[in-house]
Amino acid sequence: MAAQIWGSEKRARRRREISAKIAQMPELHDSKPLPFMTREEKIMESARKLTILTEKMGQIIDPTDPAELYHLNNEVLGLEGNPMALHGVMFIPALSAQASDEQQAKWLPRALRREIIGTYAQTELGHGTNLQNLETTATYDLATQEFVLHTPQITALKWWPGNLGKSSNYAVVVAHMIIKAKNYGPHPFMVQLRDEKTHEPLPGITIGDIGPKMAYNIVDNGFLGFNKYRIPRTNLLMRHTKVEADGTYIKPPHAKINYSAMVHVRAYMLTGQAIMLASALNIATRYSSVRRQGQIDKSQPEVKVLEYQTQQHRLFPSIARAYAFQFAGAETVKLYEHVLKEMKSGNVSLMADLHALTSGLKSVVTYQTGEGIEQARMACGGHGYSMASYISEIYGVAIGGCTYEGENMVMLLQLARYLVKSAALVKSGQSSKLGPLVAYLGVKSEPTSLIDRIPNSGFTEYVKTFQHVSKRQTLKAADMFFGLMEKGEKREIAWNKCSVELNRASRLHTRLFIVEAFVRRVNEIADIRIKEALTDLLHLHVNYELLDIASYALEDGFLSASQLDYIRDQVYLYLGKIRPNAVSLLDSWEFSDIELRSVLGRRDGNVYENLFKWAKSSPLNKTDVLSSVTQYLKPMMEKARL
Ligand SMILES: CCCCCCCCCCCCCCCCCCCCCCC/C=C/C(=O)SCCNC(=O)CCNC(=O)[C@H](O)C(C)(C)COP(=O)(O)OP(=O)(O)OC[C@H]1O[C@@H](n2cnc3c(N)ncnc32)[C@H](O)[C@@H]1OP(=O)(O)O
Ligand SMILES: Cc1cc2nc3c(=O)[nH]c(=O)nc-3n(C[C@H](O)[C@H](O)[C@H](O)COP(=O)(O)OP(=O)(O)OC[C@H]3O[C@@H](n4cnc5c(N)ncnc54)[C@H](O)[C@@H]3O)c2cc1C
């Protein structure tokens with residue numbers, strides 16, 4: 001099963017080898033539990049480990065393999081980020097995709113050797129989503145052949161970029177490029193921020209940390225202002241766009257090609273989300289098979305809480321989602337790598353499809369991951385609320401994904417644009433022009449679902465039902481939009497008036513893709529036992545998801561009330577079937593105790609003893625009487641007694 005999760009037996013074996021090596025290197029372990037550290041201590045600890053990794057990484061992993069890098073990152077540095085997180089996740093990918101060969105030769109080896117630390121600075125205090133209204137400017141000075149970066153007012157301060165505040169000395173900065181008074185829109189520039197020797201900010205640069213956040217507090221998200229700060233013309237990233245010495249602008253082959261660093265993270269982050277969801281569920285499911293509370297049969301001893309159907313209903317559909325996201329994520333990364341290769345050789349024809357897909361997936365996956373982790377926390381009762389579970393930290397980090405790389409609602413609306421265009425093709429009889437991901441929009445569906453009538457259809461009837469609701473909602477939302485425009489409404493106003501319905505279509509389309517990716521994977525599996533276990537999980541997934549969106553299928557009678565009962569019964573049936581495999585389905589992800597960082601979710605299940613040990617190690621327990629008591633509470637009580 002680990003091979004299915006991680007993509008191959010070799011990958012699963014490599015993960016085990018890497019975990020085993022790390023287990024033997026105490027210098028790479030947390031020196032104390034992260035929840036007992038201050039933010040400064042955590043950052044210090046993380047930087048300490050980073051320097052060891054820079055020396056020893058090659059002995060532990062293949063540093064050119066993103067999957068191995070990510071595993072090393074999660075084991076050693078953890079989910080809360082590190083002082084070089086953006087260096088790996090966005091700075092290097094941005095240079096790789098957007099710098100010319102010559103620029104790459106100059107900067108990439110330095111970045112890879114970690115001579116310099118970089119980040120990706122795009123969002124501003126006043127604008128993040130709407131890139132067209134970013135305010136930072138890069139004005140070309142023909143006389144000196146330099147760009148002058150400037151922050152015209154406080155709302156134009158770069159705000160949020162990870163590791164910008166304190167750690168990075170370089171950044172890819174996105175600014176509106178102005179040449180001879182003409183604004184060419186946002187473009188990426190390589191900018192040195194700090195002196196390479198002293199790490200002091202360079203003159204003309206105002207920079208700092210934006211303060212603590214809900215999570216990710218090892219990352220120094222920062223602010224940045226420029227005061228007429230000059231950089232050479234050749235610091236514009238020029239793989240796709242060029243500006244010649246005389247100010248001539250050579251436009252890129254696709255208007256949005258400069259957005260590739262965002263698409264990179266959107267494609268890769270799905271796996272990250274699946275891992276976080278599976279981690280939280282691993283903790284909650286292991287704990288639920290240790291925790292005994294109450295009786296189902298009063299004549300019997302207290303049961304493990306995992307025996308309760310409500311507990312299973314709370315956890316198991318999310319186990320199925322974690323697998324589904326992992327499989328959909330693997331497909332998306334493959335597609336991304338393909339499109340990136342094509343883009344490098346000038347073929348940009350697949351960019352729109354990739355953008356639409358990643359926008360929808362990013363939104364649905366992060367939202368449902370957040371939901372699943374929060375349920376996992378509640379499934380652990382009081383102990384879930386303790387930082388000893390580590391679930392609250394996982395939750396805080398995971399839901400950051402609902403916001404970064406494009407706010408979820410906004411990204412769903414990006415997918416909706418693609419869906420509406422596809423609907424227009426269907427309506428104008430041009431279904432043959434539909435791309436493969438939306439081809440179902442042009443296929444006539446049956447009048448009713450056959451779900452309960454062909455139960456062994458190998459999920460075909462389920463897929464058809466998902467297709468039916470997605471198609472119906474897409475065409476309905478598109479009709480609403482076109483209808484408003486026909487009545488004379490301006491395009492943008494009509495769009496806004498339909499946006500809730502449009503986003504519903506985007507979610508349904510994305511959920512269909514996730515189901516299909518799960519079905520595709522299960523169909524490929526040769527090993528009978530693995531196939532059986534995953535088929536049970538897939539049954540639970542399709543029935544649970546369908547129940548969740550049933551209103552869309554009920555409203556036009558595609559599903560009947562009796563079919564809904566059938567689907568509900570299937571959910572209960574598969575909850576019971578999955579119960580014996582539940583812990584194994586999560587242990588198969590092979591998270592080490594070092595990586596999980598959870599007292600509650602330890603592999604040995606020795607929960608209570610370790611919780612007590614953990615509590616005793618709390619800094620508050622270093623002394624029996626705190627100074628808050630001697631200084632304030634004790635005098636107060638004494639005064640009251642007089
Ligand atoms: C050992 C130690 C190692 C440690 C390091 C570990 C290394 C690991 C190695 C690698 C593994 C990677 C694993 C990753 C795991 C993830 C972990 C995450 C970590 C957390 C990092 C967080 C970092 C966060 C960064 C950021 O948030 S950066 C800022 C992001 N900002 C946004 O996303 C802004 C959102 N807004 C937009 O994208 C745009 O403004 C918009 C798309 C909404 C609108 O754009 P615009 O206004 O310009 O466009 P229009 O509306 O005019 O036109 C729209 C048309 O353009 C098309 N379009 C838009 N975008 C694209 C695109 N990207 N591609 C193609 N087409 C695009 C639309 O479709 C429209 O087309 P149409 O007109 O035809 O409809
Ligand atoms: C943990 C974290 C890490 C980050 N790291 C980085 C980084 O490294 N580099 C970087 O540059 N940035 C980074 N960011 C910033 C991040 O990319 C932005 O916060 C994000 O893109 C959302 O933009 P915003 O903050 O402007 O939200 P807003 O756009 O102001 O969103 C506020 C609300 O308005 C709604 N809204 C906005 N526009 C529309 C629209 N057109 N239609 C409908 N609704 C709309 C949204 O849906 C939302 O409900 C990070 C953010 C976080 C939380």
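Residues numbered from 1 in each chain as written. Chains lettered and ligands numbered in written order. Predicted model: local features only at pLDDT ≥ 70, side-chain atom pairs only at ≥ 80, totals over all residues. Heavy atoms only, no water.

Per an unreviewed UniProt entry, the protein goes by the name Acyl-coenzyme A oxidase and belongs to Caenorhabditis briggsae. The UniProt entry for the protein carries the following comment under Sequence similarities (unreviewed entry): "Belongs to the acyl-CoA oxidase family." According to the UniProt record, the Pathway (unreviewed entry) comment for the protein reads "Lipid metabolism; peroxisomal fatty acid beta-oxidation." (UniProt positions renumbered as here; feature names shortened; annotations may be inferred.)

Trainee: Explain the overall build of the protein here, please?
Mentor: Across its full length, the protein holds 22 helices and eleven strands. For the protein, whose C-alpha radius of gyration is 27 Å, the value lies close to the compact-globule estimate of 26 Å for 642 residues. A principal-axis box enclosing the C-alpha atoms of the protein has dimensions of 90 × 80 × 60 Å. Here the protein holds 642 residues, and the buried ones make up 53% of them. Put simply, of all contacts in the protein between residues at least 6 apart along the chain, 73% involve residues at least 24 apart. For the protein, the exposed area adds up to about 28700 Å²; of that, 56% sits on carbon and sulfur atoms. (Helix = DSSP H or I, 4+ residues; strand = E, 2+ residues; numbered from the N terminus. Rg over C-alpha atoms; globule rule 2.2 N^0.38 Å. Buried < 20%, exposed > 50% of the residue type's maximum accessible area, 1.4 Å probe, protein only. Contact = heavy atoms within 4.5 Å. Areas by Shrake-Rupley, 256 points an atom, 1.4 Å probe, with all protein chains shown as cover.)

Trainee: Which parts of the structure should I look at to understand the site of ligand 2?
Mentor: Surveying the vicinity of ligand 2 reveals 19 residues, the closest of which are Y120, Q122, T123, T129 and E407. One nitrogen or oxygen atom from the main chain of Q122 is found 3.0 Å from an oxygen atom belonging to ligand 2. Relative to its unbound accessible area of 970 Å², ligand 2 is 63% covered by the protein chains. The residue makeup of the shell around ligand 2 includes at least three contributed by each of domain 2 (116-252) and domain 3 (259-425 + 467-585). (Near = heavy atom within 4 Å. Polar contact = N/O pair within 3.5 Å; in protein donor to acceptor, adjacent residues only side chain to side chain. Domains from an automatic or database assignment.)

Trainee: Whenever I open this one, the UniProt feature "domain: Acyl-CoA oxidase C-alpha1" (unreviewed entry) in the protein confuses me. Can you help?
Mentor: Under the UniProt annotation, "domain: Acyl-CoA oxidase C-alpha1" (unreviewed entry) lies at residues 259-420. Helix makes up 75% of residues 259-420 and strand 0%. Its end C-alpha atoms lie 22 Å apart.

Trainee: Sorry if this is basic, but what is going on with the site of ligand 1 here?
Mentor: Around ligand 1, the surrounding shell holds 34 residues, and the nearest of these are T129, Q132, Y259, R417 and K421. Within the side chain of R417, a nitrogen or oxygen atom sits 2.8 Å from an oxygen atom of ligand 1. Protein contacts shield 84% of the accessible area of ligand 1, which totals 1600 Å² for the unbound molecule. Every element with two or more residues in the shell around ligand 1 is listed here: α3 (39-60), α4 (66-77), α7 (260-288), α9 (351-379) and α12 (408-427). Grouping the constituent residues of the shell around ligand 1 by class yields 18 nonpolar, ten polar and six charged. (Nonpolar A, V, L, I, M, F, W, Y, C, P; charged D, E, K, R; others polar.)

Trainee: Can you help me understand the side chain of T241 in this one?
Mentor: By secondary structure assignment, the location of T241 is in the loop between β9 (229-232) and β10 (242-243). Apart from residues lying up to four places away in sequence, T241 is in contact with H187, L236, Y249, I250, P252 and N258.

Trainee: What am I meant to see in the UniProt feature "binding site: FAD" (unreviewed entry) in the protein here?
Mentor: Under the feature "binding site: FAD" (unreviewed entry), the UniProt entry names T123 and G162. These annotated residues cover 40 residues of sequence, but their C-alpha atoms sit close together, with the largest distance between any two at 10.5 Å. For T123, the location among the structural elements is in the loop between β1 (118-121) and β2 (137-141). A relative accessible area of 27% means that T123 is categorised as partly exposed. Excluding residues that lie within four positions of it along the chain, T123 makes contacts with G128, L157, K158, W159, W160 and P161. Along the chain, G162 falls in the loop between β4 (158-159) and β5 (170-179).

Trainee: Teacher, can you tell me more about the sheet that holds β4 here?
Mentor: Within a sheet, each strand pairs with its neighbour through backbone hydrogen bonds, oriented either parallel or antiparallel. The strand order across the open sheet formed by three strands is β4-β8-β7, and the pairing between neighbours is antiparallel. Of all strands in the sheet, those with a lone pairing partner are β4 and β7 (205-209), marking the two edges. Where β4 lies against strand β8 (residues 222-226), two bridges are found, and the strand directions are antiparallel. By the bridge assignment for β8, W159 is matched with F223. (Pairing = 2+ DSSP bridges.)

Trainee: How should I be thinking about a positive patch on the surface in this particular structure?
Mentor: Among the surface-exposed residues, K256, R417, K421 and R491 lie close enough to one another that they form a single positively charged patch. Position of R417 relative to the elements: it lies in helix α12. Given a relative accessible area of 53%, R417 falls into the exposed group. (Patch = residues over 30% accessible without salt bridge, like charges linked within 9 Å, V, L, I, M, F, W, Y side chains within 5 Å. Salt bridge = Lys/Arg side-chain N within 4 Å of Asp/Glu carboxyl O. Lys, Arg positive; Asp, Glu negative; His and termini not counted. Charge placed at Lys NZ, Arg CZ, Asp CG, Glu CD.)

Trainee: What is the right way to read the pairing of β5 from this model?
Mentor: Regular strands place side chains that alternate from one sheet face to the opposite one. In terms of burial, β5 is a largely internal element, ten of the ten residues being buried. Pairing analysis gives four bridges linking β1 to β5, with the strands arranged parallel. By the bridge assignment for β5, G118 is matched with Y170. Of the pairings in the sheet, the one linking β2 to β5 comprises three bridges and is parallel in character.

Trainee: What exactly am I supposed to notice about the side chain of Q98 here?
Mentor: Mapped onto the elements of the fold, Q98 is located in helix α5 (residues 85-98). Given the relative accessible area of 1%, Q98 is considered buried. A polar contact is formed between the side chain of Q98 and the side chain of S260, at a distance of 2.9 Å. In contact with Q98, other than residues within four places in its own chain, are Q103, P188, L237, M238, R239, H240, I257, N258, Y259, S260 and A261.

Trainee: Just checking my understanding: could you explain the environment of S431 for this structure?
Mentor: For S431, the position within the fold is in the loop between α12 and α13 (460-486). C-alpha of S431 to C-alpha of L441: the two residues are ten residues apart in sequence and 7.8 Å apart in space. Excluding its chain neighbours within four sequence positions, the residues that come into contact with S431 are L425, V426 and G442.

Trainee: How should I be thinking about a nonpolar patch on the surface in this particular structure?
Mentor: Taken together, the side chains of Y632, L633, M636 and M637 define a hydrophobic patch exposed on the protein surface, amounting to about 430 Å² of accessible area. By secondary structure assignment, the location of M637 is in helix α22 (residues 627-641).

Trainee: How should the packing of helix α8 (residues 309-344) against helix α16 (residues 528-548) be read in this particular structure?
Mentor: A pair of packed helices is captured by two measures, namely the crossing angle of their axes and the spacing between those axes. α16 packs onto α8 with a crossing angle of 105° between their chain directions and a minimal axis gap of 9 Å. As judged from the angle between their axes, α8 and α16 are roughly perpendicular. Of the residues in α16, those touching α8 at H313, F316, P317, I319, A320, R321, Y323, A324 and F327 are L534, L537, L540, H541, Y544, E545 and D548. When its residues are assigned to classes, the contact of α8 with α16 shows eleven nonpolar, two polar and three charged. (Axes fitted to C-alpha atoms, helices over the stretch in contact; angles between N-to-C directions. Parallel < 35°, antiparallel > 145°, perpendicular 65-115°, else oblique.)

Trainee: Would you explain the nonpolar core in this entry?
Mentor: The nonpolar side chains of soluble globular proteins are, as a tendency, buried together. In this structure, F316, Y323, L534, L537 and W589 are the most contacted members of the largest nonpolar core, which totals 101 residues. Per element, the largest residue contribution to this core is eleven residues, and it comes from α7. Counting contributing residues, this core receives three or more from each of domain 1 (2-82) and domain 3 (259-425 + 467-585). With 25 residues, the next largest nonpolar core counts L149, V173, I207 and I231 among its residues. (Core = buried A, V, L, I, M, F, W, Y, C linked by side-chain atoms within 4.5 Å.)

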